[in-house]
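Commentary on secondary and tertiary structure
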Amino acid sequence: MKSRWRVLENKIFVKWLSIIAIVTMILLLIFFITLLVSSWPAIKANGFGILWRKTWDPVHNNYGMLPFLVGTLITSFLALLISAPFSIAAALFLGEYYPKGAIPNIFRNVIELLAAIPSVVYGFWGLYTLAPLVSKLELKMNLPAPGVGIFTASIVLSIMLIPYSVSLIRQVISMTPVSLKEAAYALGSTRAEVITKVIIPSNISGISAGFLLSLGRALGETMAITILIGNSPEMPHNIFSPSYTMASVIANEFTEAVGDVYLSTLIEVGLLLFVVTTIINLIGRIIIKKVSY
Amino acid sequence: MVWVLTFSCLAVVFIILFYLFKMGLGSLNWALFSQGPKPVGETGGGILNAIVGSLIVVVLATIIAIPIGISAGIYLAENRGRKLSDWVALAVDVLQGIPSIVIGVVIYIWIVKPTGKFSAYSGSIALAIMMLPPIIKNTEETLILIPTTLKEASLALGASYFRTTMKILLPAGIGGIFSGCIIGVARIAGEVAPLLFTAFGNPELIFDPRKPVDTIPKVIFTYASSPYDDWHRIAWGGSLILVLFIILLNTIIKIFESRWKVQF
């Protein structure tokens, strides 16, 4: 009797493991179907025009998400641009200059502290410290000076991306074959030359994948940006303008959305965000995997 | 050049933490931990309701995520090289990159809409999904380090696969698995986006996971965007508590990784 139960429990366990694995695998597909079904009324009502219409007017059921698309892309790319030199430098410092030892270990832990700070705290901090500074800068440039806007959001976002891209790029850089570097040194190259002519070119696909994954994270970042971007559903005039991102429009309007089409349209925005980040992550992960072997 | 840029990264960390401590330490007092929010206009009050709410949501999420995450991790470690495992591993990696707000929207459609009300447990489910990737990966990476001879010895003694996993594999890898779970908790402790339309928020002190609850990060978000100085003060206190909690978790992870590493 007991042994029969043991055989049974074993069978159940093996089945359970496979079921969990399969559910985990198709979870993304289930997400996609859920979002697609719920946003179907909006997709039918709005058509493809939603991608290039410029007015967002829920009161008259007139939806265009071009301002959010532009706001999201500008903010994310600007943040990536600002953080790139810092990320590469810190990754080189930790992966190439001092890969081992006590002090670099402390450095690594300090940079990882940036990942310990929640998004909403970044937003709050930016609102208190950075927004007044940006506001002063805007006054000097004779621009309207709300302090919040694409520029402020991008700076804070770039800080948030640093721990993420540093750890990805460091991983890639530390896998450069030693023989390659030694060959370059033996030919009389300086360290700067080894970095710019050997390490970075030979790892270019891995480094790009690191930035691609960071971009994916930037596109979906919500809370800090919702606090700092100014939440204005209009086309931005310059990088200081208040704007809106796809994630922050969902965060702000989802619970207040009255009417099926409005809610469904916000889910459509979420669907687009999901599809874009999934594709970016798929490509990034596949490249990183190829580079690692 | 590399030095300058690296040091400016470190400087940014210190600037943020310094500011956080400067603003946060001043607002830490007993009322913050022992009282709920006061009505608009009155000063004082605290975030007791949010602390309790955060605990409920995070503990529930952990309870949901741990068995599922560890099971998937075991599957990946035991079935390496199979096509299906590769796909599962890729899906886990991609899941890690899905914006948290999208997960919130999905859970809203799954649970909040059919039940017709916001609830703490719906927030927990959203957070549990976010916890899965670190738990799965840590379990997998720990279990593949355990020598096969250990497993074979157990199987040779007639123990079933289930018993071997429960009594040999998991205890041997408990350090790594546990640190994966803590990484998961650290990842979700500061999240607001998936809770905005699931756990929603609630100024009352609630112990019932079927009701909407406030969480510390949600309170920070609400108070940060308010015009009241006293609310900002409370938000700084909440931010400091939250960041210290996450740093504590990270320290525990570091200790676990150095002391309890699987070594044979």
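First, a word on what this report is: a plain description of the structure on this page. (Residues numbered from 1 in each chain as written. Chains lettered and ligands numbered in written order. Predicted model: local features only at pLDDT ≥ 70, side-chain atom pairs only at ≥ 80, totals over all residues. Heavy atoms only, no water.)

If you tally the helices and strands in chain B, you get 11 helices and zero strands. Listing the helices and strands of chain B from first to last along the sequence gives α-α-α-α-α-α-α-α-α-α-α. The dimensions of chain B, computed from C-alpha atoms along their principal axes, are 70 × 55 × 35 Å. Out of the 264 residues belonging to chain B, those deemed buried represent 56%. When contacts within chain B are restricted to residue pairs at least 6 apart in sequence, long-range pairs at least 24 apart make up 75% of them. Element-wise, carbon and sulfur atoms account for 68% of the exposed surface of chain B, whose accessible area totals about 11,300 Å². With 19 positive and 14 negative side-chain charges, chain B shows a separation of 4 Å between the mean positions of the two kinds. (Helix = DSSP H or I, 4+ residues; strand = E, 2+ residues; numbered from the N terminus. Buried < 20%, exposed > 50% of the residue type's maximum accessible area, 1.4 Å probe, protein only. Contact = heavy atoms within 4.5 Å. Areas by Shrake-Rupley, 256 points an atom, 1.4 Å probe, with all protein chains shown as cover. Lys, Arg positive; Asp, Glu negative; His and termini not counted. Charge placed at Lys NZ, Arg CZ, Asp CG, Glu CD.)

Enumeration according to the criterion identifies 29 aromatic pairs over all chains in this entry. Seen in terms of ring centroids, Y108(B) and F197(B) are 6.5 Å apart; in terms of plane orientation they differ by 90°. Their pairing is edge-to-face. Of this pair, Y108(B) sits in helix α5 (residues 100-115) while F197(B) is found in the loop between α9 (174-188) and α10 (216-224), placing the two residues 89 residues apart along the sequence. The residues Y108(B) and F197(B) share a single accessibility class, namely buried. Linked through ring pairs, F93(A), Y97(A), Y98(A), F107(A), W3(B) and F7(B) together constitute an aromatic cluster. Its end group placed over the ring of Y164(A), R217(A) keeps NZ or CZ at 3.9 Å from the ring centre. (Phe/Tyr/Trp six-rings, centres within 6.5 Å; stacked < 30°, edge-to-face > 60°. Lys NZ or Arg CZ within 6 Å of the ring centre and 35° of its normal.)

As a further point, take the pattern of salt bridges. Under the defined criterion, the tally for this structure stands at nine salt bridges over all chains. When the shortest N-O distance is used, the salt bridge between E9(A) and R163(B) registers 2.9 Å. Of this pair, E9(A) sits in helix α1 (residues 2-46) while R163(B) sits in helix α8 (residues 161-172), each in a different chain. Two residues, E78(B) and K151(B), come together in a salt bridge whose shortest N-O distance is 2.8 Å. Placement of the pair is E78(B) in helix α3 (residues 48-78) and K151(B) in helix α7 (residues 148-156), with a sequence separation of 73 residues. K151(B) sits in the buried class, given a relative accessible area of 19%. When salt bridges that share partners are traced, they join R108(A), E112(A) and K254(B) into one network. (Salt bridge = Lys/Arg side-chain N within 4 Å of Asp/Glu carboxyl O.)

All right, on to the interface of chain A and chain B then. With 70 residues of chain A in contact, the opposing surface of chain B contributes 72 residues. Here chain A meets chain B over a buried area of about 6,600 Å², counting both sides, of which 82% is carbon and sulfur. Inspection of the region where chain A meets chain B yields two salt bridges. Counting every contact that joins chain A to chain B gives nine residue pairs in polar contact (both at pLDDT 80 or more). The set of elements that each furnish at least two residues to the side of chain A that touches chain B consists of α1, α2 (66-97), α3 (102-116), α4 (119-140), α5 (150-173), α9 (223-228), α10 (246-253) and α11 (260-292) of chain A. (Buried area = accessible area lost by both parts, 1.4 Å probe. Polar contact = N/O pair within 3.5 Å; in protein donor to acceptor, adjacent residues only side chain to side chain.)

With 26 residues, helix α1 (residues 2-27) of chain B ought to run about 38 Å at 1.5 Å a step, and its terminal C-alpha atoms sit 38 Å apart, in line with that. Here α1(B) has its buried residues at V2(B), L5(B), T6(B), C9(B), L10(B), V13(B), I16(B), L17(B), Y19(B), L20(B), G24(B) and S27(B). For α1(B), the elements touching its buried residues are α2, α3, α4 and α5 of chain A together with α2 (30-34) and α11 (229-259) of chain B. (Expected span 1.5 Å × (residues − 1).)

Residue and element names in this part refer to chain A. Packing of α10 against α11 leaves a shortest axis separation of 9 Å and a crossing angle of 150°. Here α10 is positioned roughly antiparallel relative to α11, judged by the angle of their axes. Like other packed secondary-structure pairs, α10 and α11 cross with a definite hand, here left-handed. Contact with α10, carried on its side by M246, A247, V249, I250 and E253, involves Y262, L266, V269, G270, L272 and L273 of α11 and no other residues of that element. Of the residues that constitute the contact of α10 with α11, the class distribution is nine nonpolar, one polar and one charged. (Axes fitted to C-alpha atoms, helices over the stretch in contact; angles between N-to-C directions. Parallel < 35°, antiparallel > 145°, perpendicular 65-115°, else oblique. Left-handed = near helix turned anticlockwise from the far one by under 90°. Nonpolar A, V, L, I, M, F, W, Y, C, P; charged D, E, K, R; others polar.)

Moving on, we get to the environment of F245(B). Residues and elements named next belong to chain B. The residue F245 is located in helix α11 in this model. The exposure class of F245 is partly exposed, given its relative accessible area of 38%. Sequence separation between F245 and G24 is 221 residues; the distance between their C-alpha atoms is 13 Å.

Don't take any of this as a statement about function, it's just geometry.
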